[in-house]
Amino acid sequence: MMAFLGGNLLAAFVGLAGGIAVGSGMVAFLVVLDIIPRLAQITRSFSHIHSYEAAVVAGSLIFTWVDFGEGKLHLNPMGTALVGVFAGCFVGMLAAALTEIINVLPILAKRVGMGSYMILLLMAMIFGKVFGSLFEWLFY
């Protein structure tokens, strides 16, 4: 009984720590890339910046809740297309923000003295993403 409780506490701690790490990384990613202010600048809609922020927070909370739940969303094809459009817009904005800020990595590498290891840094990031994705797809 005690081992079962210890295992559950360990799993809860690891899950909470992982969630905090991923959430912090996402917030840092959005802040470093200035996605929301840049979106407001491009669309000339600074008066709606709080709506953009609320949409990002609401989307994160809602889809985290949906992910934790055992239920399924039973959408018709139009509903699925609408969700796909919003997801595509989000991924597209992240990709566009990355292309604008991509010069951050070489500058950061030079400042921390890793300029000569830039290719290794990029390869580590690429392989980490590939192996992490494969691990998730194959084992979960």
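Rules used in this analysis
Residues numbered from 1 in each chain as written. Predicted model: local features only at pLDDT ≥ 70, side-chain atom pairs only at ≥ 80, totals over all residues. Heavy atoms only, no water. Helix = DSSP H or I, 4+ residues; strand = E, 2+ residues; numbered from the N terminus. Buried < 20%, exposed > 50% of the residue type's maximum accessible area, 1.4 Å probe, protein only. Contact = heavy atoms within 4.5 Å. Areas by Shrake-Rupley, 256 points an atom, 1.4 Å probe, with all protein chains shown as cover. pLDDT = per-residue confidence, 0-100. Arc of directions from axis to C-beta. 1 Å grid on protein atoms, 1.4 Å probe; cavity = no way out; pocket = protein on both sides within 12 Å on 5 of 7 lines; lining within 4 Å. Points joined across faces, edges and corners; volume = space filled by probe spheres on them. Nonpolar A, V, L, I, M, F, W, Y, C, P; charged D, E, K, R; others polar. Axes fitted to C-alpha atoms, helices over the stretch in contact; angles between N-to-C directions. Parallel < 35°, antiparallel > 145°, perpendicular 65-115°, else oblique. Left-handed = near helix turned anticlockwise from the far one by under 90°.

Comments concerning the overall build of the protein chain
Then, in step 1: The number of helices and strands found in the protein chain is six helices and zero strands.
Then, in step 2: Counting from the amino terminus, helix and strand elements in the protein chain follow one another as α-α-α-α-α-α.
Then, in step 3: Residues counted as buried form 9% of the 140 residues belonging to the protein chain.
Then, in step 4: In the protein chain, of all internal contacts separated by at least 6 residues, the share reaching a separation of at least 24 is 37%.
Then, in step 5: Accessible area for the protein chain stands at about 11500 Å²; split by element, carbon and sulfur atoms hold 76% of it.

Notes on the confidence of the model for the protein chain
Then, in step 1: Chain-level pLDDT for the protein chain is 79 on average; 89% of the residues reach the 70-or-more range.
Then, in step 2: Taken element by element, the predicted model of the protein chain shows its lowest mean pLDDT in helix α5 (residues 104-111) (73) and its highest in helix α3 (residues 49-68) (82).

A look at helix α2 (residues 35-43)
Then, in step 1: Within α2, the full set of buried residues consists of I35, I36 and A40. Taken around the axis of α2, the buried residues stretch over an arc of 135 degrees, which confines them to a single face.
Then, in step 2: Looking one or two residues beyond α2, the residue adopting positive phi is R44, at roughly 55 degrees.

Here's the deal with the environment of I49
Then, in step 1: Residue placement: I49 occurs in helix α3.
Then, in step 2: Taking the relative accessible area as the measure of exposure, I49 reaches 18% and is therefore buried.
Then, in step 3: Sequence-wise, I49 and I36 are 13 residues apart; in three dimensions their C-alpha atoms are separated by 7.1 Å.
Then, in step 4: Setting aside residues up to four positions removed in sequence, I49 forms contacts with I36, P37 and A40.

Quick word on unusual backbone geometry
Then, in step 1: Residues other than glycine seldom take positive phi values, yet R44 does so here, at roughly 55 degrees.
Then, in step 2: By the element assignment, R44 lies in the loop between α2 and α3.
Then, in step 3: Taking the relative accessible area as the measure of exposure, R44 reaches 76% and is therefore exposed.

What about the layout of surface pockets?
Then, in step 1: Size it by volume and the largest pocket reaches roughly 1600 Å³.
Then, in step 2: In this structure, the largest pocket is lined by 38 residues; those nearest its centre are M26, V56, G59, S60 and F90.
Then, in step 3: Of all the elements in the fold, those that place two or more residues in the lining of the largest pocket are α1 (2-33), α2, α3 and α4 (77-101).
Then, in step 4: Top element by residues in the lining of the largest pocket is α3. It accounts for 12 residues.
Then, in step 5: Residues of the lining of the largest pocket, tallied by class, amount to 28 nonpolar, six polar and four charged.

Quick notes on the packing of α2 against α3
Then, in step 1: It is the contact of α2 with α3, at a shortest axis distance of 10 Å, that shows an interaxial angle of 135 degrees. When the axis of α2 is compared with that of α3, the two are oblique. Between α2 and α3 the crossing geometry is right-handed. Between α2 and α3, the contacting residues are I36, P37, L39, A40 and T43 on the first element and I49, Y52, E53 and V56 on the second.
Then, in step 2: Taken together, the residues of the contact of α2 with α3 sort by class into seven nonpolar, one polar and one charged.

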